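So the chains spell out like this:
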Amino acid sequence: MKLVIFNGSPRYKKSNSALLTEQFLKGYNRFCPEPVPVYYLANYKQREAAAEIFKQAETVLLIFPLYTDCMPGIVKEFFENIAGESYSPAKKVGVIVQSGFPESIHAEGLERYLKKLVLRLNCEYLGTMIKGGVEGIQSMPPSMTRKLYGKFQVLGEYFAQNNSFEPGITEKFRKPYRFSRTYIVIFTLLSKTGITNFYWNGQLKKNGAFEKRFARPYLD
Ligand SMILES: Cc1cc2nc3c(=O)[nH]c(=O)nc-3n(C[C@H](O)[C@H](O)[C@H](O)COP(=O)(O)O)c2cc1C
């Protein structure tokens, strides 16, 4: 199996996608020691070369963040570059979509699109793994990411042996599909204290955008 991974995050090597890929490969290399090439679509040269690399690969894993309930533009560009061909012999293609919101319902529409796309390319669809609640892992202490990273290592181990996603973890990652009513009530009450915006306000301040958070530039 000649595996190739494409990272579709605009954050390039500093992305959550890169961190999760690193853990996946830790597990993968325990069973398949040969190095797996990882290409970054955020890098212009690598994005230019990506369609040809896709053509040569036997198995492809694509990992990217959910952006406005869909995909980053660089991923769409990549899809446009590989579309219109029928790949033979059929290659296996799996996708990992990770997102900020914890509910997997956000990525459901995209999942349908991805399945259709992969089948139209005449490739074998390995499925789309959806993992929500990933934003923030960069600033979490190791004790908070241990479980998630451990699961990504198990996914890598399983993938190396079976060339597919481990079904148990894939199912667990999809939870919550939707928050319960009770959770929504608790969250609404908590949001009144400001605690739920703590991280996001920190990001706005870090980027000098806090004062402009209610700006509506297109109204002028
Ligand atoms: C422009 C932008 C749009 C985003 N849109 C969504 C979204 O629609 N739904 C969601 O759950 N997360 C959304 N996120 C959060 C990212 O999916 C999340 O932070 C992800 O872990 C980032 O991964 P990366 O570091 O690999 O790019 C968005 C983030 C950005 C920067």
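Check the entry above for the structure.
The structure reproduced in this document is the subject of the present report. (Residues numbered from 1 in each chain as written. Predicted model: local features only at pLDDT ≥ 70, side-chain atom pairs only at ≥ 80, totals over all residues. Heavy atoms only, no water.)

**As for the site of the ligand**
Item 1. If you check the shell around the ligand, you find 16 residues, and the closest are Ser9, Asn16, Ser17, Gln98 and Glu135.
Item 2. About the coverage of the ligand: the protein hides 80% of its 650 Å² of free accessible area.
Item 3. Its residues placed into classes, the shell around the ligand shows 5 nonpolar, 8 polar and 3 charged. (Near = heavy atom within 4 Å. Areas by Shrake-Rupley, 256 points an atom, 1.4 Å probe, with all protein chains shown as cover. Nonpolar A, V, L, I, M, F, W, Y, C, P; charged D, E, K, R; others polar.)

**So, the pattern of salt bridges**
Item 1. One pass over the structure, following the stated rule, counts 7 salt bridges.
Item 2. Residues arginine 30 and glutamate 157 are paired through a salt bridge, measuring 2.5 Å at the closest nitrogen-oxygen approach. Within this pair, whereas arginine 30 is found in helix 1 (residues 16–31), its partner glutamate 157 is found in helix 5 (residues 142–162), the two being separated by 127 residues in sequence.
Item 3. Of the charged contacts, one joins glutamate 124 and lysine 92 as a salt bridge, the two residues approaching to 3.1 Å between their closest N and O atoms. Here the residue glutamate 124 occupies a position in strand 5 (residues 124–131), and lysine 92 occupies one in strand 4 (residues 92–98), the gap between them amounting to 32 residues.
Item 4. A residue is classified by how much of its surface remains accessible, and glutamate 124, at 39% relative accessible area, is partly exposed. (Salt bridge = Lys/Arg side-chain N within 4 Å of Asp/Glu carboxyl O. Helix = DSSP H or I, 4+ residues; strand = E, 2+ residues; numbered from the N terminus. Buried < 20%, exposed > 50% of the residue type's maximum accessible area, 1.4 Å probe, protein only.)

**Overview of the packing of helix 1 against helix 5**
Item 1. Closest axis-to-axis distance for the helix 1/helix 5 pair is 6 Å, and the angle between their directions is 45°. The orientation of helix 1 relative to helix 5 falls into the category oblique. For helix 1 against helix 5, the interelement crossing comes out right-handed. From helix 1, Leu19, Leu20, Gln23, Phe24, Lys26, Gly27, Tyr28, Arg30 and Phe31 reach across to helix 5, where they touch Leu148, Tyr149, Phe152, Gln153, Leu155, Gly156, Glu157, Phe159, Ala160 and Gln161.
Item 2. Per-class residue counts for the contact of helix 1 with helix 5 are 11 nonpolar, 5 polar and 3 charged. (Axes fitted to C-alpha atoms, helices over the stretch in contact; angles between N-to-C directions. Parallel < 35°, antiparallel > 145°, perpendicular 65-115°, else oblique. Left-handed = near helix turned anticlockwise from the far one by under 90°. Contact = heavy atoms within 4.5 Å.)

**Here's the deal with helix 1**
Item 1. In this model, helix 1 (16 residues) spans 24 Å end to end at C-alpha, consistent with the 22 Å of a helix rising 1.5 Å per residue.
Item 2. Taken as a whole, helix 1 has its buried residues at Asn16, Ser17, Ala18, Leu20, Thr21, Gln23, Phe24, Leu25, Gly27 and Tyr28.
Item 3. On its buried face, helix 1 sits against strand 1 (3–7), strand 2 (38–40), strand 3 (59–65), strand 4 and helix 5. (Expected span 1.5 Å × (residues − 1).)

**Here's the deal with a nonpolar patch on the surface**
Item 1. Together, Tyr183, Ile184 and Phe187 make up an exposed nonpolar region whose accessible area comes to about 280 Å².
Item 2. Among the secondary structure elements, phenylalanine 187 is positioned in helix 7 (residues 181–191).
Item 3. Taking the relative accessible area as the measure of exposure, phenylalanine 187 reaches 39% and is therefore partly exposed. (Patch = residues over 30% accessible without salt bridge, like charges linked within 9 Å, V, L, I, M, F, W, Y side chains within 5 Å.)

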